[in-house]
Amino acid sequence: MAEIEQVIRKVDEEFSKEKPGSIKEHLDVDPELYYDILSAFDTAIDEGGVDYKGNVKLNAQALFPADFNKLEFISCGAEDPVTRQRLVKLKTRLYYKQLKFNLLREEAEGYAKTIAELFAGDKHNDSGRTLSRLQKLIGQFNLDPNRVIDIILECFEANSDRASYYTALLSALKVNKNDLSDSLKRKFIFEEKVDGSVFSLCNLSAIICEQGLIDLIPFFTFLNPEQTAMMASQRKHNELVKSRARKAQVVVTTTVVEARLVEQDENAPQTDTKAAAAVPFHLAFEGQITEDQKLMGDFYNDDVTLAKNMKLGLLCALLERGSFDLGLKLLDKFPKFLPVHRSLRIRTALAKLINASISSLYASIYPPLDGAPSAVPEDSEQVLTVEPVASWNDFVNRTVPMVNELGPYVATNPITAFKLLRLISAFMKDLKTDINLESLKPAIIGILDSAVLPALSLLDGNHAYSDELWELLNTFDYKVRFRLYAHWRNIATPAFLEVQRATVLGRTKYSLKRLSKDTVKLIGRQIGKLSHIHPFAVFEYLLEQVQVFQNLIGPVVDSLRFLTPLELDVMTFCIIDSLASPEKGQLKAEDGTLSMWITALATLIGALYKKFSTDLTGMLQFIVNELKTGKSIDLLILREIISNMSGIDSNVALTENSLEALTGGDVLKQEVLHTATIRNLKRLSSRLRDALLKNDLLATLFILMPQQNNCVAFEDSQHLPLKLAGQLFDQCRETFIQFNNFIQFAFKPEELATLLPDAKTLVSEAYLPIVTVMHFWRENYMREIVSNWRKDLKKLQGGEETAILEDSQIQLAFNSAAKPTITYLEESFQPLYNADYWLDLTPRLFALFWLFDLGDLQVPTALYETLIAKAKSEQAHETSRKRPKEDKARKLKDELKSREEHVHRVASLLQHEADKLFSPIQNRSSQMLRFLQSCILPRAMFSESDAAYCAKFVEVLHRQKTPNLQSMLFFDKIFCDSVYILNGLSETESHAIGKFYQLMLELSLRWHDSSRVFDDECVGFPMLLKVKKTEEGEIKETVGFDEYRSICFKWHFRLTKSFNHLMKEGSYVSKRNALIVMTKILTAFPIVDIHVNSLRKTAETLKDAEKNVRNDLSLQAATYITQLMRKKSATLKPDEFYTIQQKEKAKVEKAPPSKTPEAPVRPSRKRITTTEDSEASSPKKAAPSSRSSKR
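Predicted, not measured: the structure shown is a model, and the values here were computed from it.

Conventions and cut-offs
Residues numbered from 1 in each chain as written. Predicted model: local features only at pLDDT ≥ 70, side-chain atom pairs only at ≥ 80, totals over all residues. Heavy atoms only, no water. Helix = DSSP H or I, 4+ residues; strand = E, 2+ residues; numbered from the N terminus. Buried < 20%, exposed > 50% of the residue type's maximum accessible area, 1.4 Å probe, protein only. Core = buried A, V, L, I, M, F, W, Y, C linked by side-chain atoms within 4.5 Å. Domains from an automatic or database assignment. Contact = heavy atoms within 4.5 Å. Axes fitted to C-alpha atoms, helices over the stretch in contact; angles between N-to-C directions. Parallel < 35°, antiparallel > 145°, perpendicular 65-115°, else oblique. Left-handed = near helix turned anticlockwise from the far one by under 90°. Nonpolar A, V, L, I, M, F, W, Y, C, P; charged D, E, K, R; others polar. Phe/Tyr/Trp six-rings, centres within 6.5 Å; stacked < 30°, edge-to-face > 60°. Lys NZ or Arg CZ within 6 Å of the ring centre and 35° of its normal. Patch = residues over 30% accessible without salt bridge, like charges linked within 9 Å, V, L, I, M, F, W, Y side chains within 5 Å. Areas by Shrake-Rupley, 256 points an atom, 1.4 Å probe, with all protein chains shown as cover. Salt bridge = Lys/Arg side-chain N within 4 Å of Asp/Glu carboxyl O. Lys, Arg positive; Asp, Glu negative; His and termini not counted. Charge placed at Lys NZ, Arg CZ, Asp CG, Glu CD. Expected span 1.5 Å × (residues − 1). pLDDT = per-residue confidence, 0-100.

K.L.:
Go over the overall build of the chain, please, and point to the residues and values.
P.N.:
Of regular secondary structure, the chain possesses 60 helices and two strands. Within the chain, buried positions represent 50% of all 1191 residues.

Put into C-alpha cells, the structure is as follows:
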C-alpha cells in the first residue's frame, strides 16, 4: 500500500505540470494497477485546480488501446438497453431537469428582510458582513439562492449610486459569470416584453461589466437590436438627413404670413406678397426650425432611443461612467458614427470624457486666473474614472482616440472644444522648440482636421471660436489650410454637417433676395452670422449669383464686412475652387470669347482684396500653377488684383498728355497720371508685396508671364479662335507691363536686384525676349548710372557742395559712370548671337538702344509750361484764409530744368559714341534691315511709349549726323517693305506700331513741307545719300528737296497700295490691324486726294461686306471712313504734293479715263539704292505694271 501511495504522489507531481509526461515509468505492468491509479485521479476531476481530466485522457489513450477500452465497456454492460436507458435518465436528471422548490415552505418574511438588508446596507458599507447576514437569512428562511441573487440585482438597479457596495457583494457571492449574465438577459427580455425602459438595466449591466463580473462582448451580442437592424437604422438616418437637408434649403414663410394675416385688422387687408416681404428674419427662421423638428420626430430623442435600443443604452451607460476602453470595444461593433448621430447623451458623455482627460494638461499650460469663477460647477460634474493625461504622448495615446470617435460633435460641449483648440495651439508652439514632438504632429493635425475645425459649424455662430481657430490656422502654410478646408467641406460636411449646410444655404438664399444698396448693413450682419456656422454654403451660393448677376458684386463685397479672417480665407479657397472647376468652360461655346463668369470672378477678387485684409498667397500660387500649365486666361485675375490694390494700370492705351508725362519726372507724373492716388494705396500695396515674397512668387511670375506669350502664339492659337488668341497675347504683355510698374513702385532697386535674376540670365536661361527683360532692368540700370555719376561729382567737388564744375567735367563724369553698364550689356548680349549677326549691327548700338527710354531722349517742355502756368494761376487765386498750398510751380520748374540737363547729357553720350554705332560695311541695306528687325520693330510693337522712343531714337541719330546711318534707306524699308508685318500683329501691337508709323510719317512730312526745314535738317547730312550710276562710275549725290518730295509720294503710294491689299485680300486679323494703323496715322496719312479716295472706297466695300457678318470690322471701317472724310478738305493733289516730271505728266494726260478714278496714280519709281544694289540691278528699265499700262 505504501508503494501505491508513493506512485500516486509521483503521478500527482507529473500531472501537476503544465505539460505532463508519460506515467509508464512509475507503474508496473499490472493493468489492474493502472486502473486503480487512474480511478483515484478520476475522483478529483471536479475538484478544480489541476487539469486532471485532460492529463488522465492523455495518458489513458497511451496506456489503454481503443479495442481494450471497448471490450471493457462491453463487459461492464454498456451495450445493454437497460443500461442505456438508465444513463439517459441520469443525464436528464442532472442537466435538464429544473429544480423545484416548495414555495409554501418559503416564507415571504425572509425575502422582505433580504430586501431591507440590501437597501439599508451595513453602516460600515462592508459587503462581507452583509453577505454573512444574507447567508443566515437564506438558511433561516430556506430561501432560493438564485432568487436572492435576482433580488440583489433588483436592488442594485434601483440604487446604482452604491455600485461599489453591490459589486463587492456579488463578487463575494462568487456568482458564476454565465449565471449572472443569464439573469441580466432574462431581465432584458422581460422589460422588452412589457415595453418598458431598459436604460436602468443598461446602467446596471455597464457597472457589472466594468467590474468584470460578466464578459462584455458575449453579453453585448445578445442584446437587441441585431446587426441588420442597426444597419437599417443607419440607412434611415442617412435618408432622414437628406430629407431634412432638402427641406431646409427653402425657407417657407407661408405659415408665418398666415398667422400674421389672421392677427391683422379685417379693415386693413394686406397681400401675401407684402406680408412675406415684411416677415422678420427670426420669424422666418423659426418656421424653418419647426419644419425640421417635424421631420425628425422621435428618431433622435434619447428618452425613446435609449429606452428601446439596448446596445446604445449599454454604450451610453459605459461612457457616462467613464469606461472609454470598454466603450471603444462596443463602438467598433456599430456602423461608423451611428451612436454619436443618434444620441445626444452619448455625445455629451464622450465630450465629458475628453474634458476630464485633458483637464490636468490644460491647467498646466493655461493656469486659471486668481479669483476666476469655474466654468462649470463642480457638483454638476459626475466623477469619472478616466485618468487625466499629463504629457503630449499621453494626449495622443489616450485622448486622441476619444476625439476621433466623437468627431465634430466635440461642439456638444463648447468648453471642451475650446480646450482642445487651445491645446493644439500650445502643441504647435512647443513643436517649434522640441523636434521630438514631430512624430506626434500627424495625430494632432488629424483631430484638427476631423473634429476641431468642423466643430465650428455646430457651435451656432461662435465668433470667439472662429477667431481663436484663425490664430492657429494662420500659423500654417496655405497648402495645409486649404487641405483642411477641403476636408471640412467634402468629408466632414456629408458625414456630419449636411443639415447645417442646407439650413445655412436656405437662410442665405432668403437673405440675398433682400440685398440692395440700402440694406447692405442689415443683410451683411445676417450673412456674417451665417458664415460663422457654415461658410462654404454661404460663399458658394454668393459666387454662383455673382457669376450670373455682375451688378451684385458691389453690394456683395460691401456685405462681407462682418466676416472674420478665417471666413475670408475660406472665401479665397471657394473662389479658387470655382476658378479651377473643370465643369465650367472659360470660353463661350458659341463665339469663343471669354465667359462672363470668369470676368465677374476677376472683378470680385480685385474688389475683395482691396476692401479686406486677407492672405493673397493661395490666389497668386493658383495663377502661377495655371501659367505653368499654359493657361493665360487667369492673368485677368492678376490684373484686377494689381489694379485694385495699387491703383496701377498697364500703360497700353495712353493719351498724348499721358505719353508725354511718362517722359517727365515724379512731380509731372503725379499731376497728369495721378500717381498720388497710387501712393495713398501704399498699405494695400505692401500686402501684395509681402505675398509676392512668399514661395518665390515674384521671380516665378516675372518669368512665366513673358514665356506665356510664346505659349499663346505657338500652342493656344492652334485651337483657340484667332481673335481670342490675340487678346490673350495682349493680356500677357499688358499684365507684364502692369506687374513691372508695380514692382518698380513697391520694391527698392537693391531689393529687386537680389530677388530677380540679371538680364543675361533671363535671356540666356529663361529664354525671355530682350524687349521684356530690358523693360524691367532699364530703369534700374539708369538709376545705377545716375547714382555712380553723383558719387563721381562729389569726388570732383572734393567734399564741397558749393564747388562749381564745368559742363565738360559733368559730361565726362556721366560718360564714365555709364561706361561700365554699357560694357556689361555688350558682354551680356554679344554671346547670344553668332559672329555674323554682329557684322551688320554693333554691340554698342544694341546696348545703347535697349538701355535708354523715351524720357532719356526728350523733355515734355510744353506740358511742363502748361502745368506751371496752371499752378501759378491757382496760387494767385488763393485767399489768405486758406492754408497756403505747396509751391507746385517751383517744383515743376526745378524738375523741368533737371530733366533738360539729363536729356542733354544722354544726347552728348550718344554723340560721343556715334562713331561706334554703325560699322562702315558695304551692304547698307542689310545693315538697316538688321537694325530694323532686331531693335526697332520688336520694341515699337511692345507699347506706344516704346514706339515713340524708337521714332525719337532714329530722329536723334539723324540729327547728330551719325556716321554710316542711311536714313532714307531706313524710311524706305519701313514704308515699303515692313507694312505687311500687320498680318501677324495683335490688336495692342497694331496700336503701338501705328504710333511708330505716325511719328515717322510726321517726321518725313516735316521735311517734305518746307525746303528751309529740309535744308536745315537734311542737306549736308552724310546719311542722306543716293547712289547714281553714270558712265564715269558711281558718284554719290545728296538728295535734293524735289527729289525727296517725289520719294515721299512713292512712300504714300506704297502705303496706300499695301493698305488696300490688306483690306481686300487679307484675313480678319489683317483687316482689323490695317484699320487700326490707318486710324492711328490719320494725322499724317493720307495727304493726297487720290489716296484718300482709294482708301475710302476700299473701306466702304469692307464695311458693306462685313455688315451682319463681323460687325466689329464693319463698325471699325465706318469709324475710319467718318474720320477720313473730315480731313478731305485738307488733302493735296498729286502735283501739289510733289513736282511731276514731264514724262510722267504726259503719260497721265494721254491715259484713257479710268473706271476707278479714285485709284492712286503710280509715280515713277525712285528707288534708293546702295553700291551692292547698283551692281546687282539690271541697267534696263523695268516693264510697267498692268495697272499702269491700262492707265
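K.L.:
Explain the nonpolar core residue by residue, including any values.
P.N.:
Membership of the largest hydrophobic core comes to 323 residues, with the highest contact counts inside it found for F395, Y485, F996 and F1059. With 13 residues, the top contributor of residues to this core is helix α26 (residues 478–512). In this structure, this core is formed jointly by two domains, domain 1 (560–822) and domain 2 (980–1022 + 1038–1138), each of which donates at least three residues. When near neighbours in sequence (up to four residues on either side) are disregarded, Y485 contacts L453, W470, L473, F536, L566, D569, V570 and F573. Ranked by size, the runner-up nonpolar core spans 13 residues in total, among them A661, V672, L863 and I868.

K.L.:
Summarise the packing of helix α46 (residues 861–876) against helix α47 (residues 888–912); cite the residues concerned and give the values.
P.N.:
Two elements in contact, α46 and α47, have axes whose closest approach is 8 Å; the angle formed by their N-to-C orientations is 165°. Judged by the inter-axis angle, α46 sits roughly antiparallel to α47. The way α46 lies across α47 gives a crossing that is left-handed. For the pair α46 and α47, the contacting residues are T861, Y864, L867, I868, A871 and K872 in the first and K888, A889, L892, K893, E895, L896, R899 and E900 in the second. Residues that form the contact of α46 with α47 fall into these classes: seven nonpolar, one polar and six charged.

K.L.:
Summarise the side chain of N815; cite the residues concerned and give the values.
P.N.:
Note that N815 resides in helix α43 (residues 807–829). The contacts of N815, once residues within four sequence positions are left out, are L909 and H912.

K.L.:
Kindly report on the side chain of T614, identifying the contributing residues and their values.
P.N.:
Relative to the helices and strands, T614 is located in the loop between α31 (596–611) and α32 (617–628). In this structure T614 comes out as buried when scored by relative accessible area, which is 12%.

K.L.:
Provide a residue-level description of the packing of aromatic side chains, including the pertinent values.
P.N.:
With the rule as written, the count across this model stands at 51 aromatic pairs. When the centroid spacing of 5.0 Å and the interplanar angle of 85° are considered together, the rings of Y837 and W838 count as edge-to-face. Each member of the pair, Y837 together with W838, is buried. The cationic tip of R342 hangs over the ring face of F299; the distance from NZ or CZ to the ring centre is 4.0 Å.

K.L.:
Could you give me a rundown of a negative patch on the surface, with the residues and numbers involved?
P.N.:
A grouping of E806, D807, E865, E900 and E901 is seen on the molecular surface, where their side chains present a negatively charged patch. By the element assignment, E865 lies in helix α46. Here E865 falls in the partly exposed class, since its relative accessible area comes to 48%.

K.L.:
I'd like a rundown of helix α6 (residues 108–120), residues and numbers included.
P.N.:
With 13 residues, α6 ought to run about 18 Å at 1.5 Å a step, and its terminal C-alpha atoms sit 18 Å apart, in line with that. Of the surrounding elements, those touching the buried residues of α6 are α7 (127–141), α8 (145–158) and α9 (163–173).

K.L.:
Can you break down α32 residue by residue, with the values?
P.N.:
An ideal rise of 1.5 Å per residue puts 16 Å on 12 residues; α32 measures up with 16 Å between its terminal C-alpha atoms. Taking burial as the measure, the 12 residues of α32 include 10 buried ones, the bulk of the element. Looking at the packing, one finds that the buried side of α32 touches α26, α30 (565–579), α31, α33 (635–646), α37 (682–692) and α38 (697–714). Positive phi shows up at G630, right after α32, with a value of about 85°.

K.L.:
How would you sum up the environment of R244? Please name residues and give values.
P.N.:
Examined against the element boundaries, R244 turns out to sit in helix α13 (residues 227–248). For R244, a relative accessible area of 12% gives the class buried. Distance in space between the C-alpha atoms of R244 and M296 is 7.8 Å, their sequence separation being 52 residues. Residues contacting R244, with those up to four places away along its chain left out, are D292, L295, M296, Y300 and V499.

K.L.:
Quick one: what's the story with a positive patch on the surface, residue by residue and with numbers?
P.N.:
Among the surface-exposed residues, K521, R525, K529 and R561 lie close enough to one another that they form a single positively charged patch. Residue placement: K521 occurs in helix α27 (residues 520–533). According to the relative accessible area criterion, K521 is partly exposed, its value standing at 49%.

K.L.:
Which residues make up the confidence of the model for the chain, and what values do they have?
P.N.:
Residues shown with low pLDDT carry predicted positions that ought not to be read at fine detail. On average, residues of the chain carry a pLDDT of 81, and 81% of them reach 70 or more. Ignoring residues within four places in sequence, the model shows residues 257–277, a span with pLDDT below 50, making 17 contacts including any to other chains. Contacts for the low-pLDDT stretch residues 377–381, under 50 throughout, to residues beyond four places or in other chains number two contacts.

K.L.:
Residues and numbers for the packing of α37 against helix α39 (residues 722–746), please.
P.N.:
Running from amino to carboxyl end, α37 crosses α39 at an angle of 100°, the nearest separation of the two axes being 11 Å. With respect to each other, α37 and α39 are oriented roughly perpendicular. Only F739, F742, F745 and A746 of α39 make contact with α37, whose side of the interface consists of S685, L688, R689 and L692. Grouping the amino acids of the contact of α37 with α39 by side-chain chemistry returns six nonpolar, one polar and one charged.

K.L.:
A description of unusual backbone geometry should follow, citing residues and the corresponding values.
P.N.:
Note that the residue after N224, namely P225, is joined by a cis bond; omega there is 0°. Summarising the element assignment, P225 is placed in the loop between α12 (216–222) and α13. Omega for the peptide link from F1085 to P1086 comes to 0°, which places this bond in the cis form. You can see P1086 is positioned in the loop between α54 (1068–1080) and α55 (1089–1106). Unlike most non-glycine residues, D460 shows phi in positive territory, near 60°. Of note, D460 is situated in the loop between α24 (441–452) and α25 (463–473).

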